[in-house]
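# Structural features, examined
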Amino acid sequence: MIEYSFQHGRLQLRVQVVPRASRSEIVGEHNGALRVRIAAPPVDGAANEELVRTLAKTFEVPRSAVSIIGGQNGRRKQVCIEGVERNDTVRKLLGHR
């Protein structure tokens, strides 16, 4: 199960990034983190930008609402997404809690 928390209208969760994939997509869970394949290399912040874009599109928020708050240089990241409601999309992606 993906570990996450809602605090003051923000969703915080861990993300496991797989760079240089054929396409950007959310693929499930990996060791308590949301696993995301990214179609960008981990060079000059390209993978981080693509991760932000992919999460914003998936959670239906503007890119400015998604921030990487930890692990900018690694595959395991801590992400904060503002303006996310506990709706069916979130429950489906993260599991019921």
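Look up: the structure comes first, before these words.
As a starting point, this report considers the structure included with it. (Residues numbered from 1 in each chain as written. Predicted model: local features only at pLDDT ≥ 70, side-chain atom pairs only at ≥ 80, totals over all residues. Heavy atoms only, no water.)

### Observations concerning the nonpolar core
Formed by 26 residues in total, the largest nonpolar core has its most connected members in Leu11, Leu55 and Ile81. Elements with a contribution of two residues or more to this core: β1 (4-7), β2 (10-18), β4 (33-37), α1 (46-59), β5 (66-70), β6 (76-82) and α2 (88-94). Per element, the largest residue contribution to this core is six residues, and it comes from α1. Every residue in contact with isoleucine 81, bar those within four places of it in the chain, is listed here: Gly9, Arg10, Leu11, Leu13, Phe59, Val61, Ala65 and Val66. (Core = buried A, V, L, I, M, F, W, Y, C linked by side-chain atoms within 4.5 Å. Buried < 20%, exposed > 50% of the residue type's maximum accessible area, 1.4 Å probe, protein only. Helix = DSSP H or I, 4+ residues; strand = E, 2+ residues; numbered from the N terminus. Contact = heavy atoms within 4.5 Å.)

### Some remarks on the pattern of salt bridges
Where charged atoms from two side chains of opposite charge approach closely, those side chains can pair. All chains considered together, the criterion is met by five salt bridges. Between glutamate 82 and arginine 10 there is a salt bridge, with its nearest N and O atoms 3.9 Å apart. Of this pair, glutamate 82 sits in strand β6 while arginine 10 sits in strand β2, placing them 72 residues apart in sequence. Its salt-bridge partner being arginine 23, residue glutamate 25 comes within 3.2 Å of it at the nearest N-O pair. The class of arginine 23 is exposed, set by a relative accessible area of 53%. Through salt bridges with shared partners, a single ionic network connects Arg23, Glu25 and Arg37. (Salt bridge = Lys/Arg side-chain N within 4 Å of Asp/Glu carboxyl O.)

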